[in-house]
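# Notes for the structure review
Letter by letter, the chains look like this.
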Amino acid sequence: MVTIEYKTRNKDKMTNRKREVNKYKFARYADDFVITSQTKENLEDLIPMLESWLKQRGLTLNKQKTQIRDIRKEGFSFLGFDIRQSKSTTLRIGSNRYERKAHKMRINARPNAKRTPSPNARPKEEESYSCFIKPGKKETKEFLAKIRGYLKNEARVLSFDTVLKRLNSKIRGWLNYYRFVCSKKTFQKIRKEVLDAIYRFLRRKHPLKPWKWIKRKYYTTVDKDPHNPYAKTNGKRKREEILINAAKDVPIIRYEKVKGTNSPFDPTLTEYWNKRQTKWGKTKFAKGSKYEQVYTRQKGKCPICGLPICMNEAFEVHHILPIRDGGNNSAKNLTILHRHCHKAKHKHLHSRVD
């Protein structure tokens, strides 16, 4: 613990007070951890203590990864994210907020006050630091390198609908991991680089064809984006495989922290956790898609067991009226079930879904 002395004003009197705060902050995931402190000296003193503590348990620090960095100047990387504090001036001279505060200071000037502000009183410019968490630059480059390598090697012998299907799977997984932080510009960069890689792939695939022919064959305006490639499948269920759009299909959603000390094992908080699971389960589906409509219609619950379909649970889409009996793929004829409930449904262990 560290004791911090600070001053407070109470009826024009300055009083000294003391407050104890933790000297270090600790965050860990598996064998990766981060320790923060106010000064560099505190962290330098902590390293020998950590080494001796780990040595007793047969562990050692990785000296290549063990670094002391200033979060405001350099920042640091943790679990694929770049974390850094950037300087932000919250009260700039000449801004509307600055002028309002100056006007308020002049109006509130009292003639009987001990320290009367002058008519030309101006507030001081305030500066603060904001913490930004972004996808790591190294991880972004590695992901794009994998996409380009896939299009240069494996994709050469595959049909274009299979290529797009596998690309969508790779891209969606990467975007879902980074969708909770400041990643708008990174997502735009990913889409641009992937479109360029697909363009070069199609040029290599049809070296003798003009660009107009390639564009007419592989690009569509279904989603009002003439630069978005697509492919028609030739299976029993004919459909179009369209390249995922990061800005449209995977929106950025800020993570909502759990309130206070709410525990999932508290029986009185069942409704709170059900609402939370339903809200985050909805983020599995593309915004505005028919699957999102089905999930909303079911209120995020499985019609078979009545339990919420959480974000990390496996689920499957079930046709109320089978296609062989004249059913279709519209939202009215679909329902979302847990994987085990879907299997049990087809084994006739449950009643028919209404």
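Structural notes, computed from the coordinates. Since this is a predicted model, take the numbers as computed values, not measurements.

### Considerations on the pattern of salt bridges
When the charged atoms of two side chains with opposite charge come close together, those side chains can pair. Summed over the entire model, instances satisfying the criterion amount to three salt bridges. One salt bridge in this structure joins R148 and E193, with 2.9 Å as the shortest N-O distance. Separated by 45 residues along the polypeptide, R148 in helix α3 (residues 137-152) and E193 in helix α5 (residues 184-205) bring together distant segments of the chain. Classification of R148 as partly exposed rests on a relative accessible area of 28%.

### Some points on the packing of aromatic side chains
The full count for this structure, using the stated rule, is 10 aromatic pairs. For the pair F160 and F201, a centre-to-centre distance of 6.3 Å together with 15° between the ring planes defines the contact as stacked. Here F160, found in helix α4 (residues 160-178), pairs with F201, found in helix α5; they are 41 residues apart in sequence, far enough to count as distant. Residue F160 is classed as buried on the basis of its relative accessible area, which comes to 6%. Owing to a relative accessible area of 3%, F201 belongs among the buried residues under this scheme. Geometrically, the ring pair formed by Y199 and W211 is edge-to-face, given 5.0 Å between the ring centres and 70° between the ring planes. Taken together, the residues Y199 in helix α5 and W211 in helix α6 (residues 211-218) connect sequence positions 12 residues apart. Here W211 falls in the partly exposed class, since its relative accessible area comes to 28%.

### Concerning helix α1 (residues 40-55)
Between the first and last C-alpha of α1 there are 23 Å, a value that for 16 residues agrees with the 22 Å anticipated at 1.5 Å per step. Among all positions in α1, only N42, L43, L46, L50 and L54 are buried.

### What about unusual backbone geometry?
Positioned with a positive phi, A30 is a non-glycine residue whose angle comes to about 55°. Within the element layout of this structure, A30 appears in the loop between β3 (24-29) and β4 (32-37). The residue L79 is not glycine, and still its phi comes out positive at about 60°. Relative to the helices and strands, L79 resides in the loop between β5 (76-78) and β6 (81-91).

### Some words on a positive patch on the surface
A cluster of basic residues, R84, K134, K137, K141, K184, K185 and K189, forms a positive patch at the surface. At the level of elements, α3 and α5 are the ones that each hand at least two residues to the positive patch. For the positive patch, the leading source of residues is α5, giving three residues. Tracing the backbone through its elements, the reader meets K141 in helix α3. K141 sits in the exposed class, given a relative accessible area of 61%.

### Structural notes on the nonpolar core
Among the nonpolar cores identified, the biggest contains 30 residues, and L151, F160, V163, I171, V194, I198 and L202 are the most heavily contacted of them. Among the elements of the structure, α3, α4, α5 and α6 are those that each provide at least two residues to this core. Once residues within four sequence positions are removed from consideration, V194 is found in contact with L144, I147, I171 and L243. Listed in part, the 11 residues of the second largest apolar core include F285, A331, L337 and C341.

Rules used in this analysis
Residues numbered from 1 in each chain as written. Predicted model: local features only at pLDDT ≥ 70, side-chain atom pairs only at ≥ 80, totals over all residues. Heavy atoms only, no water. Salt bridge = Lys/Arg side-chain N within 4 Å of Asp/Glu carboxyl O. Helix = DSSP H or I, 4+ residues; strand = E, 2+ residues; numbered from the N terminus. Buried < 20%, exposed > 50% of the residue type's maximum accessible area, 1.4 Å probe, protein only. Phe/Tyr/Trp six-rings, centres within 6.5 Å; stacked < 30°, edge-to-face > 60°. Expected span 1.5 Å × (residues − 1). Patch = residues over 30% accessible without salt bridge, like charges linked within 9 Å, V, L, I, M, F, W, Y side chains within 5 Å. Areas by Shrake-Rupley, 256 points an atom, 1.4 Å probe, with all protein chains shown as cover. Lys, Arg positive; Asp, Glu negative; His and termini not counted. Charge placed at Lys NZ, Arg CZ, Asp CG, Glu CD. Core = buried A, V, L, I, M, F, W, Y, C linked by side-chain atoms within 4.5 Å. Contact = heavy atoms within 4.5 Å.

Read these as spatial facts, not as claims about activity.
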